[in-house]
Amino acid sequence: MRAIVYHQYGGPEVLVQEEIPMPTPKAHEMLVRVHASTVNAGTLVMRSGQHPDSKLFSFIIKLIAGWPKPRKKVLGYEFSGEVVAIGTKISKFKVGDAVYGTTTGLRQGAYADFVCVPERWKLGVVAHKPAAWSFEMAAALPVGAMTAVHLLEKAGLSAGQSVLVYGAGGSVGSAAVQLGKAAGAQVTAVCSLEKEALVKEWGASAHFDYKTVSVAEMGGQYDLIFDAVGKVSAKSLKSLLQPNGKFTSIRQITSEKAEYLQKLQLLVAAGQFEPHIDRVYPLEEAVTAHAYAETGRKAGNVVLKLF
Ligand SMILES: NC(=O)c1ccc[n+]([C@@H]2O[C@H](COP(=O)([O-])OP(=O)(O)OC[C@H]3O[C@@H](n4cnc5c(N)ncnc54)[C@H](OP(=O)(O)O)[C@@H]3O)[C@@H](O)[C@H]2O)c1
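Quick caveat: nothing in here was measured; it's all calculated off a predicted structure. (Residues numbered from 1 in each chain as written. Predicted model: local features only at pLDDT ≥ 70, side-chain atom pairs only at ≥ 80, totals over all residues. Heavy atoms only, no water.)

### Examining the overall build of the protein chain
Then, number 1: Tallying secondary structure elements over the protein chain gives 8 helices and 14 strands in all.
Then, number 2: Computed over the C-alpha atoms, the radius of gyration of the protein chain is 19 Å, within 12% of the 19 Å expected from 2.2 N^0.38 for a compact globule of 307 residues.
Then, number 3: Relative to its 307 residues, the protein chain shows a buried fraction of 54%.
Then, number 4: Within the protein chain, contacts between residues separated by at least 24 positions form 66% of all contacts whose residues are at least 6 apart in sequence.
Then, number 5: Carbon together with sulfur atoms contributes 57% to the accessible area of the protein chain, which is approximately 13800 Å² in total.
Then, number 6: Across the protein chain, 33 positive and 26 negative side-chain charges occur, with their mean positions spaced 7 Å apart. (Helix = DSSP H or I, 4+ residues; strand = E, 2+ residues; numbered from the N terminus. Rg over C-alpha atoms; globule rule 2.2 N^0.38 Å. Buried < 20%, exposed > 50% of the residue type's maximum accessible area, 1.4 Å probe, protein only. Contact = heavy atoms within 4.5 Å. Areas by Shrake-Rupley, 256 points an atom, 1.4 Å probe, with all protein chains shown as cover. Lys, Arg positive; Asp, Glu negative; His and termini not counted. Charge placed at Lys NZ, Arg CZ, Asp CG, Glu CD.)

What follows is the structure, encoded as structure tokens:
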């Protein structure tokens, strides 16, 4: 089968297309024909073997992912596709089902024609794709949106409160703005000027351009600051918080849960959330897609289409 693989850490050019053996599903797994995957922040970090902010994290990443070369050759942490075979212990899915989810912790990612996914496992999630969703949308939804759900729920954001989303333009940030608005909060988005119209479309009532507006000028006493891209510290924004206000950040460890996907499906059905897709590239253009995402300027999500 076709796959985009990498045999060494490095820039987008380390990604190469190769033929690799088809995976065979074990009893507790199903074989999914992948329709779409994404280029998210996690894939960039694992491909480069570099954490953008920390040499220590870069060292830890390579300890976990393989030293001096990556152990798992196929990236792609989000996927959508169709079940084409099931193991004997699969009970909730059948051949022909359209599904979406993550490959977190699995032996192979979704930059390949087929991937084996268990019905249930500790680190990742899989669910039935609602018929109204495109495969591109389903692939773009899981990681950014589940991260936003996790952090907002932990922070206890509620109706009538105010939240400042710092770094509102990316995958997590675009979800945090929409989910904050859906929770009944007043959302202020911090991102570049180019994305002002987008963040307002997603539900922000105010916008600040971090390139031209200082923290002091962002005014307001927020109930919650949501750091969506890890470019700020709690200390640097403390003056913007209410005395008992909270700070939450994507630097925290989050988890993927089936209940988060259920909640997101309801919000999509209610018209209160939709993962924003910036660009869609064919699988063959994975190098270009990674180079674009690596500019750090993408709006929402970048999708790789396989089928
Ligand atoms: N904790 C977890 O489990 C978890 C899960 C997912 C992601 N993450 C982490 O969360 C971070 C964001 O992930 P993501 O997928 O949302 O990233 P992303 O989509 O790649 O973020 C790109 C966005 O960052 C914005 N940006 C870049 N520099 C900025 C700055 N100095 N200030 C404000 N905004 C800036 C850009 O918008 P502008 O045009 O406005 O600059 C762009 O829209 C990554 O570090 C990722 O590793 C953590």
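Here the narrative resumes, following the displayed structure.
### Regarding the pattern of salt bridges
Any two side chains of opposite charge can pair, so long as their charged atoms come close to each other.
Then, number 1: Evaluated as defined, the whole model comprises 9 salt bridges.
Then, number 2: Two residues, Arg47 and Glu294, come together in a salt bridge whose shortest N-O distance is 2.7 Å. Here Glu294 lies in the loop between helix 8 (286-293) and strand 14 (301-305) and Arg47 lies in helix 1 (residues 41-48), a separation of 247 residues in the sequence.
Then, number 3: Because the salt bridges share partners, they merge into one network encompassing Arg2, Asp113 and Glu284. (Salt bridge = Lys/Arg side-chain N within 4 Å of Asp/Glu carboxyl O.)

### Considering the domain arrangement of the protein chain
Then, number 1: By domain assignment, the protein chain separates into domain 1 (2-141 + 275-305) and domain 2 (144-249).
Then, number 2: The gap between the C-alpha centroids of domain 1 and domain 2 is 28 Å.
Then, number 3: Each side of the interface is counted separately: domain 1 has 11 residues, and domain 2 has 13 residues.
Then, number 4: Summed over both partners, the interface of domain 1 with domain 2 buries about 890 Å², with 45% contributed by carbon and sulfur atoms.
Then, number 5: Of all residues in domain 1, Leu141, His276 and Arg297 bury the most surface against domain 2, accounting for 44% of the area lost on that side.
Then, number 6: Here domain 1 is connected to domain 2 by 0 salt bridges.
Then, number 7: At the junction of domain 1 and domain 2, the tally comes to 6 residue pairs in polar contact (both at pLDDT 80 or more). (Domains from an automatic or database assignment. Buried area = accessible area lost by both parts, 1.4 Å probe. Polar contact = N/O pair within 3.5 Å; in protein donor to acceptor, adjacent residues only side chain to side chain.)

### As for the packing of aromatic side chains
By convention here, two paired aromatic rings are described through the distance between centres and the angle between planes.
Then, number 1: For the coordinates displayed, the defined rule picks out 3 aromatic pairs.
Then, number 2: Consider the rings of Tyr166 and Tyr210, whose centres lie 6.5 Å apart with planes at 45 degrees: the pair is tilted. With Tyr166 in strand 8 (residues 162-166) and Tyr210 in the loop between strand 10 (206-208) and strand 11 (222-227), this pair connects stretches of sequence that are 44 residues apart.
Then, number 3: In this structure, Arg33 packs its charged tip against the face of Phe307, placed 3.6 Å from the ring centre.
Then, number 4: Here the guanidinium or amino end of Lys129 rests over the ring plane of Phe135, the centre of that ring lying 4.6 Å away. (Phe/Tyr/Trp six-rings, centres within 6.5 Å; stacked < 30°, edge-to-face > 60°. Lys NZ or Arg CZ within 6 Å of the ring centre and 35° of its normal.)

### Observations regarding helix 7 (residues 258-269)
Then, number 1: Taking 1.5 Å as the rise per residue, helix 7 with 12 residues should run 16 Å; its terminal C-alpha atoms sit 17 Å apart, in good agreement.
Then, number 2: Of the residues making up helix 7, those classed as buried are Tyr260, Leu261, Leu264, Leu267 and Val268. Looking straight down helix 7, one finds that the buried residues subtend no more than 120 degrees of arc, so they occupy a single side. Away from the buried face of helix 7 by more than 90 degrees, exposed residues Gln262, Leu266 and Ala269 are located.
Then, number 3: Summarising the contacts, the buried residues of helix 7 are in contact with strand 5 (98-102), strand 7 (126-128), helix 3 (135-140), helix 4 (142-155) and helix 5 (171-182).
Then, number 4: Positive backbone phi, approximately 75 degrees, marks Gly271, located one or two places after helix 7. (Expected span 1.5 Å × (residues − 1). Arc of directions from axis to C-beta.)

### What about the sheet that holds strand 10?
Then, number 1: If you walk across this open sheet you meet the 5 strands as 10-9-8-11-12, and the pairing is parallel. Here the strands that pair on one side only, and so sit at the sheet edges, are strand 10 and strand 12 (241-249). Here the strands of the sheet are splayed against their neighbours by 20 degrees on average, with no regard to which way each runs.
Then, number 2: As judged from the 5 bridges shared by strand 8 and strand 9 (residues 186-190), these two strands associate in the parallel manner. Within the sheet, the bridge partner assigned to Val163 lies in strand 9 and is Val187.
Then, number 3: Packing against the sheet, helix 4 makes contact with strand 11 and strand 12, and its axis sits at approximately 150 degrees to strand 11.
Then, number 4: The strands touched by helix 5 within the sheet are strand 8, strand 9 and strand 11, with strand 9 carrying the most contacts at an inclination of about 160 degrees. (Pairing = 2+ DSSP bridges. Axes fitted to C-alpha atoms, helices over the stretch in contact; angles between N-to-C directions.)

### Brief notes about the layout of surface pockets
Then, number 1: Considered as a void within the structure, the second largest pocket measures approximately 370 Å³ in volume.
Then, number 2: Lining of the second largest pocket is provided by 17 residues; of these, Glu119, Val125, Val126, Ala258 and Gln262 occupy positions nearest its centre.
Then, number 3: Of all elements in the fold, only strand 7 and helix 7 reach the threshold of two or more residues within the lining of the second largest pocket.
Then, number 4: Among the elements that line the lining of the second largest pocket, the one with the most residues is helix 7, at 4 residues. (1 Å grid on protein atoms, 1.4 Å probe; cavity = no way out; pocket = protein on both sides within 12 Å on 5 of 7 lines; lining within 4 Å. Points joined across faces, edges and corners; volume = space filled by probe spheres on them.)

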